[in-house]
Structures are given as C-alpha cells and as structure tokens.
Amino acid sequence: MQNWISELYRHPDFIMMGHQQRTEDMNLGLGWLYYALARIVRTKTVVVIGSYRGFTPMVLGKALSDNLEGGRVIFIDPSFVDDFWKDPEAVRAHFAGFGVNNIKHHLSTTQQFVETNDRGIHLTGVRIV
Ligand SMILES: C[S@@+](CC[C@H](N)C(=O)[O-])C[C@H]1O[C@@H](n2cnc3c(N)ncnc32)[C@H](O)[C@@H]1O
C-alpha cells in the first residue's frame, strides 16, 4: 500500500481538495476512511458523485480491487470544472495508470444519471450499496 500511495502522490492533483492527505509520511488522510469502509463492508458497488481529479474513486476502486470479492465504482461527473473527464480513453488510462481498472465513469450530472436506463443500479440516494 505504501508503494501505491507513493506512486499516487507523484501526481500533485491527488494531494488537493482537502482530504487531509500528506506526502511526508504517505498519509491518505480521509482516504484511509474511504479505503477502510470499502474493505470492511466488502461492498460490491460504490457510487462516487463528483471528483476533481479522482482521488476518492481511485482510493475506493483500489480498496474494492484489494477485496477478494472485487467490486466496481460508478463515478458520476459531468466535467464541469474543466475537460479532464471528457475523453473516455484518457479517463480509463488515468485510473489504469495506478492499477485501478474497476471504475466506470459516467460523463453526466447525477440528475441526468438517475434518469438513464443503463446505470445498472437502483440509485435512491448517496450511499454505499
Ligand atoms: C470541486 S470538484 C470535486 C471536489 C471533491 N470533494 C474532490 O475531492 O475531488 C466538484 C466536482 O463535482 C462535479 N459536479 C458538479 N455538479 C455535479 C452534478 N450535478 N453531478 C455530478 N457531479 C457534479 C464537477 O464536475 C466537479 O468535478
């Protein structure tokens, strides 16, 4: 895990957005909480709504891939901040660059997402299912 965090923190964007991360001691900050929740609950599906550069979906995807049961992250973000999430191949490569291949990104608002028929989950609120 320390090596994985070390690789993650080569990318300065993963130290942003107030998750109390710290590079000096490879501390995920609140990321430990996200990681631990997914490892303890062993949930098969996690929904993440809105992420600047993917810190939260990345950590949750890593946790689910570390579980024997596996699992997937449904990540909903319309890329309102900039174009970062607009190219599906670049999004896939962004997560895959850290060995995380279980994140399905939806380029839409949550409001649009809940109206689609292909979401594959019953979404009634923000929760871990
Ligand atoms: C400030 S950034 C993310 C902050 C987040 N706490 C983090 O650590 O990355 C807000 C994100 O929410 C997304 N967003 C805004 N409105 C949204 C909506 N209606 N549904 C889903 N995502 C939305 C934006 O595209 C943006 O990427």
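Up top is the structure.
Keep in mind the model is a prediction, meaning the values are calculated, not measured.

J.: Sorry, what's going on with the pairing of strand β2 (residues 72-76) here?
T.: Each regular strand shows side chains that alternate between the opposite faces of the sheet. Most of β2 is tucked away: five of the five residues are buried. With burial as the criterion, each face of β2 is covered, one bearing Arg72, Ile74 and Ile76 and the other bearing Val73 and Phe75. In this structure, strand β1 (residues 45-49) lies alongside β2, joined through five bridges in parallel fashion. Residue pairing across strands places Val46 opposite Val73, the latter belonging to β2. Chirality of the crossover, the property in question, places the unit of β1, helix α3 (residues 55-66) and β2 among those that are right-handed. As paired strands, β2 and strand β3 (residues 103-106) are joined by four bridges and run parallel to one another. Each bridged residue has a counterpart across the sheet, and for Val73 the counterpart in β3 is Ile103.

J.: What is the right way to look at the environment of Asp13 in this model?
T.: In this fold, Asp13 is placed in the loop between α1 (2-8) and α2 (30-41). Through-space distance from the C-alpha of Asp13 to that of Tyr52 is 8.4 Å; in sequence the pair is 39 residues apart.

J.: Which parts of the structure should I look at to understand the sheet that holds β2?
T.: Through backbone hydrogen bonds, the strands of a sheet pair up, either in parallel or in antiparallel fashion. On the basis of which strands lie adjacent, the open sheet formed by three strands has the order β1-β2-β3 and parallel pairing. What marks the edges here is a single partner per strand, and that holds for β1 and β3. Along the sheet, successive strands turn relative to each other by an average axial angle of 20 degrees, direction set aside. Its contacts with the sheet place α3 against β1, β2 and β3, and it is angled at close to 165 degrees to β2.

J.: What am I meant to see in the site of the ligand here?
T.: Taken together, 16 residues are adjacent to the ligand, and Met17, Gly50, Tyr52, Phe80 and Thr109 come closest. For the shell around the ligand, the secondary-structure elements that each account for two or more residues are α3 and α5 (110-113). Partitioned by chemical class, the residues of the shell around the ligand number eight nonpolar, seven polar and one charged.

J.: Help me out: how do you make sense of the packing of α2 against α3 in this one?
T.: To characterise two packed helices, one gives the angle between the axes of the helices and the distance between these axes. Viewed as axis vectors pointing N to C, α2 and α3 meet at an angle of 35 degrees, and their least axial separation amounts to 8 Å. For α2 against α3, the interelement crossing comes out right-handed. Of the residues in α3, those in contact with Gly31, Tyr34, Tyr35, Ala38 and Arg39 of α2 are Phe55, Thr56, Val59, Leu60, Lys62, Ala63, Leu64 and Asp66. Tallied by class, the residues present in the contact of α2 with α3 amount to eight nonpolar, two polar and three charged.

What counts and what doesn't
Residues numbered from 1 in each chain as written. Predicted model: local features only at pLDDT ≥ 70, side-chain atom pairs only at ≥ 80, totals over all residues. Buried ≥ 20, exposed ≤ 12 C-beta atoms within 10 Å, placed from the backbone. Helix = DSSP H or I, 4+ residues; strand = E, 2+ residues; numbered from the N terminus. Pairing = 2+ DSSP bridges. Right-handed = clockwise from strand over helix to strand, strands pointing away. Axes fitted to C-alpha atoms, helices over the stretch in contact; angles between N-to-C directions. Contact = placed C-beta atoms within 7 Å. Near = placed C-beta within 6 Å. Nonpolar A, V, L, I, M, F, W, Y, C, P; charged D, E, K, R; others polar. Left-handed = near helix turned anticlockwise from the far one by under 90°.

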